[in-house]
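Coordinates in review
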Amino acid sequence: MVSLKVLFLAEEKIPVLLKRLSKTSQVFAPVQVSDTVVVFQEFSNGAQVVFDKQASMPPKGVIFPQTEQFLSYTYAKDPENLTRSTVQLDHQVEAKPTLLFGARPCDVQGLAVFDAVFTQGQWQDPSVKARTDATTIVTLLCVKPEGTCFCTSVGGSPTATEGADLALTPVSGGYVAEAITEKGKTMLQDEAFTPAKDKQVKEAERVRAAVKKQDTLPLKQIEQKLIKLFSTEFWEQMSAPCISCGACTYVCPACYCFNITDEPAGMGGERIRTWDSCMFYQYTLEASGHNPRPTKAERYRNRIGHKFSYHPTNYKGQFGCSGCGRCIKACPVSLDIRQVLREATTHG
Amino acid sequence: MDHVARSVKEQAVAVLANIKEAITRELEGLAFVIGWEEGYDPLHAAPFFVRSLADIERLIWNPLCVHNLTSYLPKLKGRKVGIICKGCDSRSIVQLLQEGLIKREELVIIGIPCRGVVDMARIKARVDCSQITDVSFTEKAIAIKTPDGRQEIPLDEVLATKCLSCQYPTPLVYDHLAGAAFSAQRPAAALYAEVEEIEKLDLKERLAHWEKELDRCIRCYACRNACPLCVCQDQCAAESRNPHWFSQRTGVNEKVMWQIMHALHLAGRCTDCGECERACPMDIPIQRIRRKLNKEIKELFEYEAGINPEDTPPLYTFKVEEPTIKEKEW
């Protein structure tokens, strides 16, 4: 019997499928861009799509681009009275139909943090919301977690499908595809998907059951523990190796802080939003010149505190971390956030 | 284990023992000593701040000790600290001393004569590093164990480029030397091979090459912050809003511009330690841009940065007649 919800996608059909879908949507998939680097990029024919390793960058740029124009402005002088000028503002929210293909469950869980902050609740960000609404997510379940993974410690799972529209489980020769939402069901109508054999469905179940759980961090009551642990000395020691770059925050699927800058050029210019990093000195630098977080100890305390205390307190227990482990791998000094959390929970 | 391998291992053990002994003697008068410990997996070392005698046992020394720890020093000015450094790292200390950015009397330097450290990007390109269970070394090879099996790679294939042409294996400045000094074992000529490949391209091709490589830059400034000589850091022109030198956009033009600015600020100061490229989370070969400028500085001024604390960087000074620039003959 052919199930309407569970189908099979052969490995070799993926490029054809992505090519076809890219006619009606912008399709983002993990693409090998150098010997060692994989990033989510707009799919183009001939791109080397890679599913068997974690992308170096998370796909958050799909809904939250690193640079985004809020508005552009042009001044015009009044020819009758040159002391007067008018300003014209242009603003548009861009949200093309988008397919995010091959995001891991930890990547999708990272996007849930954006939902909590930008698209739900009292204040909504129009452009992030528009892009989120326009995006269909195909998640690739994770069958080979890395040594740096800890999604199961922060409420996730390598086989979680929450937040995705369609889930793919790797099996011999391809993927078993399961629709999670109506959007996912619509996608399954593409001819690249063929009926899944019983054998394949069973293999997918076996594969999912065999995924090893990653080491569990002692995060019980971490919100309260971190509030109590405000000792600068502790954070000075923890952050001593940190070089205050933004690598950890930019590779983080859940970090959403941004900056707004006016970029003037002649009689006009633009106001842009760009990713920002709480590890930078300028992040909290105030116009007066005062900086409430002048050293890396305060900044590192904030990064950990935000992810594991303030965010969960404000957003119903959701951690600002999906356990993908990219911050550990990308850190120039191999600072391990898991180790810091362990130290924090046993300190004092 | 064969005789040679054992002797290499014994040497490393002896070096580490010497380091520990030196720290044990010096620690009392110091805020801390910066060295390396094992990182999050057996393939990664991490900088480690030794604050107590008990910490000393966590120190390691092997070709995974890639970090140039001297990058921490300018921000520690005013405190007396200890630092463990390789030959190449010691050149950063010399350069920082030249520029008055650190004080010699605030430093206890434990030098290590070094036979080379790995380039992690080269290992990542050959080994699936997602689960590392063990790493070990022989005289000529690194052996990496993963759940898929054991892979042995000749060290020369994964050492950093700077190591394959290293001229200063023994630190140029130190208080304690943790092993027997030795002189350069590698041909210097190899250093510029990658740069010369790029020089062969015409200007259009060169721009295309760098646009392709730099397009994946994420402007995280890991290259800047890992650099021992990038001492503006918190006041960097790349982030300054007043004056607004630099667009905050993240298009390829801004990325290229950022890298050019970084490299030019290092002209005549860069000691080719490679921290910029090593720190890059996107594995962009940006050291080549600095190395190209080092090559120019060498040709123009017959100068190499970070060799003699009494030198003045050529672009920090002015001579009416540069001995190597025959202006009057133009």
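Residues numbered from 1 in each chain as written. Chains lettered and ligands numbered in written order. Predicted model: local features only at pLDDT ≥ 70, side-chain atom pairs only at ≥ 80, totals over all residues. Heavy atoms only, no water.

**Brief notes about the overall build of chain B**
Helix and strand counts for chain B stand at 11 helices and eight strands. Whereas a compact globule of 330 residues would reach a radius of gyration of roughly 20 Å, chain B reaches 21 Å, a difference of no more than 12%. Once the C-alpha set of chain B is aligned to its principal axes, its extents read approximately 60 × 50 × 45 Å. Buried positions account for 55% of the 330 residues belonging to chain B. Taking all contacts inside chain B whose residues are at least 6 apart in sequence as the whole, residues at least 24 apart take part in 66%. Per element, the accessible surface of chain B, about 15300 Å² overall, is 53% carbon and sulfur. Side chains of chain B carry 44 positive and 49 negative charges; the gap between the two charge centres is 2 Å. (Helix = DSSP H or I, 4+ residues; strand = E, 2+ residues; numbered from the N terminus. Rg over C-alpha atoms; globule rule 2.2 N^0.38 Å. Buried < 20%, exposed > 50% of the residue type's maximum accessible area, 1.4 Å probe, protein only. Contact = heavy atoms within 4.5 Å. Areas by Shrake-Rupley, 256 points an atom, 1.4 Å probe, with all protein chains shown as cover. Lys, Arg positive; Asp, Glu negative; His and termini not counted. Charge placed at Lys NZ, Arg CZ, Asp CG, Glu CD.)

**Examining the side chain of A:T169**
Residue and element names in this part refer to chain A. Tracing the sequence through the fold places T169 in strand 8 (residues 166-171). One polar contact links T169 to R208, side chain to side chain, over a distance of 2.7 Å. In this structure T169 touches L141, G174, Y175, V176, A204, V207 and R208, once residues within four positions along its chain are discounted. (Polar contact = N/O pair within 3.5 Å; in protein donor to acceptor, adjacent residues only side chain to side chain.)

**Topic: the pattern of salt bridges**
Two side chains with opposite charge may pair up if their charged atoms get near one another. Residue and element names in this part refer to chain B. Taken as a whole and assessed by the stated rule, the structure comprises 41 salt bridges over all chains. Ionic pairing is found between R291 and D272, a salt bridge with its closest N-O pair at 3.1 Å. Placement of the pair is R291 in helix 11 (residues 287-301) and D272 in the loop between helix 9 (252-265) and helix 10 (275-279), with a sequence separation of 19 residues. Exposure remark for R291: the relative accessible area of 2% places this residue in the buried category. The network of salt bridges with shared partners includes D119, R122, E194, D272, R288 and R291. (Salt bridge = Lys/Arg side-chain N within 4 Å of Asp/Glu carboxyl O.)

**A few points about the sheet that holds strand 8 of chain A**
All names here are of chain A. Spatial ordering of the open sheet is given by 3-2-6-7-8-9-1-10, a layout of eight strands whose pairing is mixed. The open sheet terminates on both sides in strands that have one partner only, identified here as strand 3 (38-42) and strand 10 (193-195). Looking at each pair of strands side by side, their axes are set apart by 30° on average, direction ignored. Those strands touched by helix 2 (residues 105-119) are strand 3, strand 6 (98-103) and strand 7 (135-140), and its axis lies near 145° from that of strand 7. Contacts from helix 5 (residues 198-210) reach strand 1 (6-10), strand 8, strand 9 (174-179) and strand 10 within the one sheet, and its direction differs from that of strand 8 by about 90°. (Pairing = 2+ DSSP bridges. Axes fitted to C-alpha atoms, helices over the stretch in contact; angles between N-to-C directions.)

**With respect to unusual backbone geometry**
Residue and element names in this part refer to chain B. Cis peptide bonds are those with omega within 30 degrees of zero, and the linkage from N242 to P243 qualifies with 5°. With respect to the helices and strands, P243 occurs in the loop between helix 8 (222-226) and helix 9. Even without glycine at this site, D272 takes up a positive phi of about 65°.

**A closer look at the domain arrangement of chain B**
Residue and element names in this part refer to chain B. We note that the domain assignment places domain 1 (1-186) and domain 2 (192-324) within chain B. On a C-alpha basis, the centres of domain 1 and domain 2 stand 24 Å from each other. With 22 residues of domain 1 at the interface, the matching set in domain 2 holds 28 residues. Each partner contributes to the roughly 2100 Å² buried at the junction of domain 1 and domain 2, and carbon and sulfur atoms together form 49% of this total. Looking at the side of domain 1 facing domain 2, the largest losses of area belong to R91, Q95 and Q98, adding up to 27% of the total buried there. (Domains from an automatic or database assignment. Buried area = accessible area lost by both parts, 1.4 Å probe.)

**Focus: the sheet that holds strand 5 (residues 81-90) of chain A**
All names here are of chain A. The four strands lie next to each other as 5-4-12-11, forming an open sheet whose pairing is antiparallel. Here the strands that pair on one side only, and so sit at the sheet edges, are strand 5 and strand 11 (258-265). Along the sheet, successive strands turn relative to each other by an average axial angle of 20°, direction set aside. Looking at chain direction, strand 4 (residues 67-78) and strand 5 are connected through seven bridges and run antiparallel.

**Digging into the nonpolar core**
Core analysis: the largest hydrophobic core is formed by 154 residues, its most contacted members being A:F308, B:I19 and B:I142. A total of six residues in this core trace back to one element, the largest contributor, which is helix 2 of chain A. Formed jointly, this core draws a minimum of three residues from each of two domains, domain 1 (1-186) and domain 2 (192-324) of chain B. The contacts of B:I19, once residues within four sequence positions are left out, are B:L59, B:W61, B:I84, B:I110, B:I112 and B:A178. Listed in part, the 23 residues of the second largest apolar core include A:V27, A:V138, A:L168 and A:M187. (Core = buried A, V, L, I, M, F, W, Y, C linked by side-chain atoms within 4.5 Å.)

**Structural notes on the side chain of B:K255**
All names here are of chain B. Relative to the helices and strands, K255 resides in helix 9. The buried charged residue K255 lacks any salt bridge partner; its closest oppositely charged side chain belongs to D215, at an N-O distance of 4.1 Å. Setting aside anything within four residues of it in sequence, one finds K255 in contact with L214, D215, C217 and T250.

**A short note on the interface of chain B and chain A**
Counting residues at the interface gives 41 residues for chain B, matched by 47 residues for chain A. Buried surface at the junction of chain B and chain A, both sides included, amounts to about 3400 Å², of which 53% is carbon and sulfur. Run the count over chain B and chain A and you get two salt bridges. When the shortest N-O distance is used, the salt bridge between B:D128 and A:K144 registers 2.7 Å. Applying the counting rule to chain B against chain A returns 16 residue pairs in polar contact (both at pLDDT 80 or more). Per element, the largest residue contribution to the side of chain B that touches chain A is four residues, and it comes from strand 2 (residues 45-50) of chain B. Across the side of chain B that touches chain A, the residue classes break down as 17 nonpolar, 11 polar and 13 charged. (Nonpolar A, V, L, I, M, F, W, Y, C, P; charged D, E, K, R; others polar.)

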